[in-house]
Amino acid sequence: MKKTVSVAVFAFGLLTAGTFGASANSLVSTTPTSGQSLEAAPSAVTITTEAPILDTGNEVVVTDPSGIRVDDGTLTIAGTEAVVGLKNFVRSGIYTVTY
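What counts and how
- Residues numbered from 1 in each chain as written.
- Predicted model: local features only at pLDDT ≥ 70, side-chain atom pairs only at ≥ 80, totals over all residues.
- Heavy atoms only, no water.
- Salt bridge = Lys/Arg side-chain N within 4 Å of Asp/Glu carboxyl O.
- Helix = DSSP H or I, 4+ residues; strand = E, 2+ residues; numbered from the N terminus.
- Pairing = 2+ DSSP bridges.
- Axes fitted to C-alpha atoms, helices over the stretch in contact; angles between N-to-C directions.
- Phe/Tyr/Trp six-rings, centres within 6.5 Å; stacked < 30°, edge-to-face > 60°.
- Core = buried A, V, L, I, M, F, W, Y, C linked by side-chain atoms within 4.5 Å.
- Buried < 20%, exposed > 50% of the residue type's maximum accessible area, 1.4 Å probe, protein only.
- Contact = heavy atoms within 4.5 Å.

Scanning the entire structure with this criterion turns up 3 salt bridges. For Arg-69, the salt bridge is made with Glu-59, and the minimal N-O distance between the two is 3.8 Å. Taken together, the positions of Arg-69 in the loop between strand S5 (61-63) and strand S6 (71-78) and Glu-59 in the loop between strand S4 (44-49) and S5 put the pair 10 residues apart, joining distant regions of the chain. Asp-64 is the partner of Arg-91 in a salt bridge, and the nearest nitrogen-oxygen pair spans 2.7 Å. Of this pair, Arg-91 sits in the loop between strand S7 (81-86) and strand S8 (93-98) while Asp-64 sits in the loop between S5 and S6, and the two are 27 residues apart along the sequence.

Across a sheet, strands are paired by hydrogen bonds formed along the backbone, either parallel or antiparallel in direction. Spatial ordering of the open sheet is given by S2-S4-S7-S6, a layout of 4 strands whose pairing is antiparallel. Since the sheet does not close on itself, it has two edges, and those belong to strand S2 (27-31) and S6, each with one partner. If you compare each strand with its neighbour and ignore which way they point, the axes differ by 15 degrees on average. Bridge analysis of S2 against S4 gives 4 bridges, and the strand direction is antiparallel. Paired with Thr-30 across the strands is Ile-47, a residue of S4.

Moving on to the packing of aromatic side chains. If you walk through the whole model with that rule in mind, you get 1 aromatic pair. Measuring from ring centre to ring centre gives 4.0 Å for Phe-89 and Tyr-95, while their planes differ by 5 degrees; the resulting arrangement is stacked.

Time to look at the nonpolar core. Formed by 13 residues in total, the largest nonpolar core has its most connected members in Val-45, Ile-47, Val-60, Val-62 and Val-97. Looking at this core, the elements with two or more residues in it are S4, S7 and S8. Counting residues per element, this core draws most heavily on S7, which supplies 3 residues. Excluding anything up to four places from it in sequence, Val-62 contacts Val-45, Ile-68, Arg-69, Val-70, Asp-71, Val-84, Leu-86, Thr-96 and Val-97.

Nothing here speaks to function; it is all geometry.
Shown next, in the form of structure tokens:
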């Protein structure tokens, strides 16, 4: 029996802020993509934005279908990419990414 994992991008928040005023940053892509069905669980989620992301004050949370947090808490910011590591998935279903 194949196990299928779906990943959903649930919420989009500000990943950057200007010095004297907030400036929005546009989402370009995610890996895995929103709604994608996977045969195997990914080891990380990557969020790519239009403008560089500040390396402080960001959080990416990944939860399983029961609402249990499954990211490992590691967040790497490199230019326009934010990458969060994942624990081993134990359930099939829709996983939610909030950032």
